[in-house]
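Each chain, written out:
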Amino acid sequence: MKSYVRAAVAVAVASSVLAFSGQSHATVFAAWQVAGVPFGDMLNARKYPSNTSQKQAAYPNGAVLQMTGRCTGGIDLLDIAGHPHWKQRQAIRYRWCELWHDPGRNGHFVTGWVYGKYITPY
């Protein structure tokens, strides 16, 4: 009887490991909102973290963005998520942060970059 219990436990552990290992590629997004863009203007999402890079799309104040968490300077939005909003904004104020978006609104999602000065935690 003990060998059946051991075998059942081994199968349960193995199936749990396989189930969770399949999820290891899942991505977690941080929701941030466009804020502070001057009246009549929009926040440009660019292909690379540079204001001279190709513009992919533009978002108005209030638009909620799916951020990958990665920002220039080694800052990760998910690591600073527990800090007060003002402290999070201060940490990325002069950084570019990566987003996951659909610039053509056709289901073709790509990564892009927005300037941290114009986003705030959602």
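Up top you'll find the structure we're talking about.
The structure reproduced in this document is the subject of the present report. (Residues numbered from 1 in each chain as written. Predicted model: local features only at pLDDT ≥ 70, side-chain atom pairs only at ≥ 80, totals over all residues. Heavy atoms only, no water.)

1. Some remarks on the pairing of strand β4 (residues 64–71)
The criterion, for reference: Strand pairing is assigned whenever DSSP detects at least two bridges linking the two strands. Under the scheme used here, helices are H or I runs from DSSP no shorter than 4 residues and strands are E runs no shorter than 2 residues, and both carry numbers assigned from the N terminus.
Of the pairings in the sheet, the one linking strand β1 (residues 30–34) to β4 comprises four bridges and is antiparallel in character. Looking across to β4, one finds that Ala31 is bridged to Gln66. The pairing of β4 with strand β5 (residues 96–101) spans two bridges and is classified as antiparallel. Each bridged residue has a counterpart across the sheet, and for Cys71 the counterpart in β5 is Cys97.

2. Things to note about the layout of surface pockets
For clarity, the cut-off: Here the term cavity refers to a set of points on a 1 Å grid, laid over the protein atoms alone, in which a 1.4 Å probe fits but cannot get out; the term pocket refers to an open set having protein on both sides within 12 Å along at least five of seven lines, with lining residues being those that place an atom within 4 Å of a point. Grid points are joined across faces, edges and corners, and a volume is the space filled by probe spheres set on the points. Any residue outside Ala, Val, Leu, Ile, Met, Phe, Trp, Tyr, Cys, Pro, Asp, Glu, Lys and Arg is labelled polar, Gly included; the first ten of those are nonpolar and the last four are charged.
The calculated volume of the largest pocket comes to roughly 160 Å³. In terms of lining, the largest pocket is formed by Val37, Pro38, Asp41, Met42, Leu43, Asn44, Arg46, Asn51, Trp96, Tyr115 and Tyr118. A per-element tally of the lining of the largest pocket places strand β2 (residues 43–46) first, with three residues. Residues that form the lining of the largest pocket fall into these classes: seven nonpolar, two polar and two charged.

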